[in-house]
Amino acid sequence: MSATKKIIRVGLIGAGRMGSFHAASLAQRVPGAVLAAVADPVPGAAQRLAEKLGVERFYSEPQAMLDSPDIDAVVIVSPARTHAELVVAAARAGKHVFCEKPMAVTLEEADRAIAAAREAGVVLQVGFNRRFASGFAAALAEIKAGKIGTPQLLRSLTRDPAPLRDPTPIPPWTIYLETLIHDFDTLLHCNPGAKPVEVYAIADALVRPDFKDKGLLDTSVVTIRFDNGAIAIAEANFQAVYGYDVRGEVFGSNGMLQIGNINVNNAVRYTAEGISIDTSRQDTDLLADAYIAELTEFVRCAATGETPRATGEDARNALAIALACIASVQQNLPVKL
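Residues numbered from 1 in each chain as written. Predicted model: local features only at pLDDT ≥ 70, side-chain atom pairs only at ≥ 80, totals over all residues. Heavy atoms only, no water.

Concerning the packing of helix 4 (residues 83-92) against helix 5 (residues 107-120)
So the rule is basically this: For helices, the fitted axis covers only the stretch in contact; all axes are lines through C-alpha atoms, and the angles between them, taken along N-to-C directions, range from 0 to 180 degrees. A run of H or I in DSSP counts as a helix once it spans at least four residues, and a run of E counts as a strand once it spans at least two, with each numbered from the N terminus. Small angles under 35 degrees read as roughly parallel and large ones over 145 as roughly antiparallel, with 65 to 115 read as roughly perpendicular and the rest as oblique. Handedness of a crossing follows from how the near helix is turned relative to the far one, being left-handed for an anticlockwise turn of less than a right angle and right-handed for a clockwise one. In what follows, residue pairs with any heavy atoms lying within 4.5 Å of each other are defined as contacts. Note on residue classes: Ala, Val, Leu, Ile, Met, Phe, Trp, Tyr, Cys and Pro are nonpolar, Asp, Glu, Lys and Arg are charged, and everything else, Gly too, is polar.
With their axes 8 Å apart at the nearest point, helix 4 and helix 5 run at an angle of 15° to one another. In this view, helix 4 runs roughly parallel relative to helix 5, as classed from their interaxial angle. For helix 4 against helix 5, the interelement crossing comes out left-handed. Residues Ala 84, Val 87, Val 88 and Ala 91 of helix 4 lie in contact with helix 5, whose contacting residues are Glu 109, Arg 112, Ala 113, Ala 116, Ala 117 and Ala 120. Of the residues assigned to the contact of helix 4 with helix 5, the class counts are eight nonpolar, no polar and two charged.

Points about the nonpolar core
Put simply, the rule is: Buried Ala, Val, Leu, Ile, Met, Phe, Trp, Tyr and Cys residues that are joined via side-chain atoms within 4.5 Å together make up what is termed a nonpolar core. Whether a residue is buried, partly exposed or exposed follows from its accessible area with a 1.4 Å probe, protein chains only, as a fraction of its type maximum: under 20%, in between, or over 50%, in that order.
Formed by 111 residues in total, the largest nonpolar core has its most connected members in Leu 26, Tyr 176, Phe 184 and Val 222. A total of nine residues in this core trace back to one element, the largest contributor, which is helix 10 (residues 312-331). Ignoring any residue separated from it by four or fewer positions in sequence, one finds Leu 26 in contact with Val 10, Leu 12, Ala 33, Leu 35, Val 75, Leu 295 and Val 299.

Observations concerning the packing of aromatic side chains
Heads up, the condition is: Note on aromatic contacts: the rings of Phe and Tyr and the six-membered ring of Trp form a pair at centre separations within 6.5 Å, being stacked when their planes are under 30 degrees apart, edge-to-face when over 60 apart, and tilted otherwise.
For the structure on display, the rule yields three aromatic pairs. Relative to Tyr 176, the ring of Trp 173 has its centre 6.3 Å away and its plane inclined at 25°; by these criteria the two rings are stacked. Owing to a relative accessible area of 24%, Trp 173 belongs among the partly exposed residues under this scheme.

Side note on the layout of surface pockets
Our working rule: Residues are called lining when one of their atoms sits within 4 Å of a cavity or pocket point, these points coming from a 1 Å grid over the protein atoms alone, where a cavity is a set in which a 1.4 Å probe fits but cannot get out and a pocket is an open set with protein on both sides within 12 Å along at least five of seven lines. Grid points are joined across faces, edges and corners, and a volume is the space filled by probe spheres set on the points.
Each pocket or cavity is described by its volume, and for the largest pocket that value is around 1,400 Å³. Counting residues per element, the ones that place at least two in the lining of the largest pocket are helix 1 (17-28), helix 4 and helix 7 (174-189). In terms of residue count, helix 7 provides more of the lining of the largest pocket than any other element does, four residues in total. Of the residues that constitute the lining of the largest pocket, the class distribution is 21 nonpolar, 12 polar and 12 charged. Volume-wise, the second largest pocket comes out at about 320 Å³. Every residue lining the second largest pocket is counted, 15 residues in all, and those nearest its centre are Ala 133, Ser 134, Gly 135, Leu 286 and Leu 287. Within the residue set of the lining of the second largest pocket, elements represented by two or more residues are helix 6 (134-144), helix 8 (283-286) and helix 9 (288-304). Residues of the lining of the second largest pocket, tallied by class, amount to eight nonpolar, five polar and two charged.

Re the pattern of salt bridges
Selection rule: Definition used for salt bridges: Asp or Glu carboxyl oxygen within 4 Å of a side-chain nitrogen of Lys or Arg.
Tallied over the entire structure, the rule returns 21 salt bridges. In this structure, Asp 70 and Arg 9 form a salt bridge, with 3.4 Å as the shortest nitrogen-oxygen distance. Of the two residues, Asp 70 is situated in the loop between helix 3 (62-66) and strand 4 (73-76) and Arg 9 in strand 1 (residues 8-13); the sequence distance between them amounts to 61 residues. Judged by relative accessible area, which is 30%, Asp 70 ranks as partly exposed.

Thoughts on helix 7
Note on helix geometry: an α-helix contains 3.6 residues per turn, so any two residues three or four positions apart are oriented the same way. The criterion, for reference: Here the expected length of a helix is defined as 1.5 Å per residue gap, with one fewer gap than residues. The angle between axes fitted to the seven residues ending at a residue and the seven residues starting there is what we call the bend at that residue.
The end-to-end C-alpha distance of helix 7, which contains 16 residues, comes to 21 Å, matching closely the 22 Å that a straight helix rising 1.5 Å per residue would cover. A bend of about 60° at Leu 180 is the largest found in helix 7. Counting buried residues in helix 7 gives 16 out of 16 residues, a clear majority hidden from the surface.

A short note on the environment of Gly 260
Structurally, Gly 260 is set in the loop between strand 12 (255-259) and strand 13 (269-271). On the accessibility criterion, Gly 260 (41% relative accessible area) is partly exposed. Placed 125 residues apart in sequence, Gly 260 and Gly 135 show a C-alpha to C-alpha distance of 6.2 Å. Here Gly 260 is in contact with Val 246 and Arg 247, once residues within four sequence places are set aside.

What follows is the structure, encoded as structure tokens:
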């Protein structure tokens, strides 16, 4: 008889849009997980989400949830600038930790988070969802198998779909710390074993130029040089009117891989108005399966002690590029890593 599968009781911190999606996945779609509690300091937010999903416990103070002895693991989906502190607190409470990107916004914070998880002996996984998307995962497997030879030119892009009506809540440097950080991880992931050595970034406010003097940058292109000679380009824009656009390309000495597709499905519409397709309009549509897969891996790793494929160290590596981009824009110069 096989051993009974361990059930992981998960507490979630952050009941906003992405937190609500992750909460529903944990409650309904992730094998081996029980969503045991929700925490959010916004008045009423945790209670509303908990009641919607049939979760009995909710907290306005995340630490109160972390102090609960029957919570095995925590999923952190709070605002980015709170992540590192919550990772440290969760690890010190003995909880396995899944943290949405970015895990931290300074290297010092990243080091503290990694050290806390290591000292506590808990799993630390970061939400780099593209690693779990089928196309990106298949491409990486082919790269590692040598199917396209040595990577020479790489490209990754993120174009957000929502109209940028009110950028006021967007913190400075979000384009690097929260958007392009996905692309930096993708480029590192698709050039395995190579290290970035130089970064050059240019950026502007082309979508909402009226917010540039308030620190908003909504468009950027980044060039990254690696120690194996490969050159990578990452680009982002905060308003793609045609949908949520996430793609990549890896050109190697023996071939090329193209990754990602904005289409909702394989249907192509032919009418008197022309040829058209339906496109994904949100990250939770385009990458729904990847989001569920990353949480499924986290719960499995929490139960078994395995190392997840997106670690705290991976988060630190991507963050180092993001911070170099900020310095490059400020100095208008390439920055060595």
